[in-house]
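Residues per chain, in single letters:
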Amino acid sequence: MKRALVSVYDKTGLADLVGALAAAGVEIVSTGSTAAAIAATGTPVTPVEEVTGFPECLDGRVKTLHPAVHAGLLADTGRAAHAEQLASLGIAAFDLLVSNLYPFEATVAAGAAPAECVEQIDIGGPAMVRAAAKNHARVAVITDPAQYQEAADAACGGGFTLEQRQRLAAAAYAATARYDAAVASWFAAAYAPDDIARETGWPDAVYAAWTRREVLRYGENPHQGAALYVRPGAPPGLATATQLHGKAMSYNNYGDAAAAWRTAFDFAEPCVAIVKHANPCGIAIGADLAEAHRKAHASDPVSAYGGVIAVNGVVTAAMAAQVADIFTEVIVAPGFEEGALELLTAKKNLRLLRCPAPAAAAGRAVEWRPVDGGLLMQTADRLDAPGDDPATWELKAGPGAAGLADLAFAWRACRAAKSNAIVLASGGATVGIGMGQVNRVDAARIAVARSGQRSRGAVAASDAFFPFPDGLRVLADAGVRAIVEPGGSVRDGEVVAAAQAAGVSLYLTGTRHFFH
């Protein structure tokens, strides 16, 4: 390795790298602020304008876009014709490129104005990275400070192997692909290039790049392979949570934890959600997490066995003492008290995940779902529609609930259950859940069956309207005193009449929360 071109925005680890390169006798050519940073370390550096014979111009937009740079990166010096042309042009070849790009994604995420975002679109950097990666048979390309040690070792050890250069080239193209995907997605959203996008708010194309974070033991079943991927630049979330204890997370663990996490943060009060097979078996709020856990577990102790627990606060020792004797797969929380960790880490297989509370999405959050041959996208369902505020509910039958706290809780909890869903609640806790049924009356029957006698005096929520009065009658016959549902059925009149006849208070929200 004789000659390196170094041009980086992120200067993390730069001093150590260039020191190692210089110690190995590598000539370093560099640009602008990178050259200044290298010179400040006392390491010899050749400014790129001495190589190009052309000054940096246009506020730094043009520095490396020159044949003296790109011919040096693209020349296949194993070809006699290339070597002769370099010699005749007075251009020296590069053996190594070190480059990372302007922080476009971070600039967009910070809410910068469009002009500032455009200014952070790197041109020269991606061009150099692609050139070096194309010529990986002769040139190594480093795009991440995490690769600097490998570059230093190669400089001292006689150069990179072909296998290393191939691997680094693959990483380089992945980096530029992610960068281009971010830029293209922003442009599609910011400038709405077609009439449909302007009318609907949906861009004509979407782009994304994902990086493998972990290979999982298997998928939903042992014969299926699985891996976890993350999107660079995305806000912290469950996929990047810190595992504090326990065996490796499985595919199903992640699915259940995602459902539980989504549920726990639907409530402002201390909340515990217990999930099994992506459906809740218990949701409760309380004065503290220990109380909320007791109530959530009591909702369905049989189903809670082997479940996943999510909480919207720091796990206390008091809550941990209750969980310690119950077989649980995962607990995910924003934090754990020391006393809680001491109790829970005694369980060898219990997985503990620390995950920051979900950040409020800037603009509309979007969910993706693959289908054969395509991709569905929708705005995320949030409990912020007008009909989610009890003050907007319309009382259609009965005397009205004495306070709407339990009904409001049931309505929020119902969103967590797969449709068709019926949730019975009392005292800020679910007492019976019927979910994932192909008809609503069966969901009502299951909710009542799981509640036992706790349905007497409880309230109920339905995620969508009752198409017939039969489902409501099942709840009324079980002693449910008040029901909230969206309304909107052609038979709403029959449903209201059935509620009136049973003396059940019936509220309509005008908002539906299907969850498939």
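Coordinates for the structure precede this section.
Since this is a predicted model, take the numbers as computed values, not measurements.

**Regarding the pairing of strand β10 (residues 279-285)**
- Most of β10 is tucked away, with 7 of its 7 residues classed as buried.
- Hairpin connection from strand β9 (residues 271-276) to β10: 2 residues lie between these consecutive antiparallel strands, with H277 at a positive phi of about 50°.

**Brief notes about the pairing of strand β13 (residues 328-333)**
- In terms of residue burial, β13 counts as a mostly covered element, since 5 of its 6 residues are buried.
- As paired strands, strand β11 (residues 307-311) and β13 are joined by 4 bridges and run parallel to one another. Note that in β13 the partner of A310 across the bridge is V332.
- Sheet analysis places β13 next to strand β15 (residues 351-354), joined by 4 bridges and oriented parallel. Bridged to V330 within β15 is R351.

**Topic: the sheet that holds strand β4 (residues 96-100)**
- Here 5 strands make up an open sheet; going across it, the order is β3-β2-β1-β4-β5 and the pairing parallel. Unpaired on one side and paired on the other, β3 (46-47) and β5 (140-142) mark the two borders of the sheet.
- Judged from the 3 bridges that link them, β4 and β5 form a sheet pairing that is parallel. Bridging from a neighbouring strand, L96 pairs with A140 of β5.

**Overview of helix α13 (residues 289-299)**
- Of the residues making up α13, those classed as buried are L289, A290, A292, H293, A296, H297 and S299.
- The backbone nitrogen of A290 has a side-chain oxygen 3.2 Å away, supplied by the residue at the start of α13, namely D288.

**Looking at the pattern of salt bridges**
- Counted under the stated rule, the structure contains 12 salt bridges.
- Here D180 ties to R130 by a salt bridge, and the two come within 2.2 Å at their closest N and O atoms. Here R130 lies in helix α8 (residues 124-134) and D180 lies in helix α10 (residues 162-191), a separation of 50 residues in the sequence.
- Among the salt bridges present, the one from R415 reaches D381, with a minimum N-O distance of 3.9 Å. One end of the pair, R415, is in the loop between α17 (405-414) and β19 (422-426); the other, D381, is in the loop between β17 (374-379) and β18 (394-397), with 34 residues separating them in the sequence.
- The exposure class assigned to R415 is buried, which follows from its relative accessible area of 2%.
- Bridged by salt links that share partners, the residues D76, R79 and R138 form one connected network.

**Quick notes on helix α12 (residues 251-264)**
- Given a rise of 1.5 Å per residue, 14 residues ought to cover 20 Å, and the 20 Å separating the end C-alpha atoms of α12 matches this to within 8%.
- Inspection of α12 places N253, Y254, D256, A257, A259, A260, W261, T263 and A264 among the buried residues, and these make up the whole buried set.

**A closer look at the packing of helix α4 (residues 67-74) against α8**
- Following both chains from N to C, one finds α4 and α8 inclined at 30°, their axes separated by 8 Å at the closest point. As judged from the angle between their axes, α4 and α8 are roughly parallel. Residue-level contacts link V69, H70, L73 and L74 of α4 to A127, M128, A131, A132 and K134 of α8.
- When its residues are assigned to classes, the contact of α4 with α8 shows 7 nonpolar, 1 polar and 1 charged.

**Focus on the side chain of T46**
- Secondary-structure assignment places T46 in strand β3.
- Here T46 is in contact with E27, I28, V29, S30 and V51, once residues within four sequence places are set aside.

**Overview of the packing of aromatic side chains**
- One pass over the structure, following the stated rule, counts 10 aromatic pairs.
- Measuring from ring centre to ring centre gives 5.8 Å for F104 and W186, while their planes differ by 85°; the resulting arrangement is edge-to-face. With F104 in helix α6 (residues 104-109) and W186 in helix α10, this residue pair connects regions lying 82 residues apart in the sequence. Here F104 and W186 have matching classes, each one buried.
- Measuring from ring centre to ring centre gives 6.4 Å for W393 and W411, while their planes differ by 75°; the resulting arrangement is edge-to-face.

The rules we used
- Residues numbered from 1 in each chain as written.
- Predicted model: local features only at pLDDT ≥ 70, side-chain atom pairs only at ≥ 80, totals over all residues.
- Heavy atoms only, no water.
- Buried < 20%, exposed > 50% of the residue type's maximum accessible area, 1.4 Å probe, protein only.
- Helix = DSSP H or I, 4+ residues; strand = E, 2+ residues; numbered from the N terminus.
- Pairing = 2+ DSSP bridges.
- Polar contact = N/O pair within 3.5 Å; in protein donor to acceptor, adjacent residues only side chain to side chain.
- Salt bridge = Lys/Arg side-chain N within 4 Å of Asp/Glu carboxyl O.
- Expected span 1.5 Å × (residues − 1).
- Axes fitted to C-alpha atoms, helices over the stretch in contact; angles between N-to-C directions.
- Parallel < 35°, antiparallel > 145°, perpendicular 65-115°, else oblique.
- Contact = heavy atoms within 4.5 Å.
- Nonpolar A, V, L, I, M, F, W, Y, C, P; charged D, E, K, R; others polar.
- Phe/Tyr/Trp six-rings, centres within 6.5 Å; stacked < 30°, edge-to-face > 60°.

The values reported here are purely geometric and, on their own, carry no functional implication.
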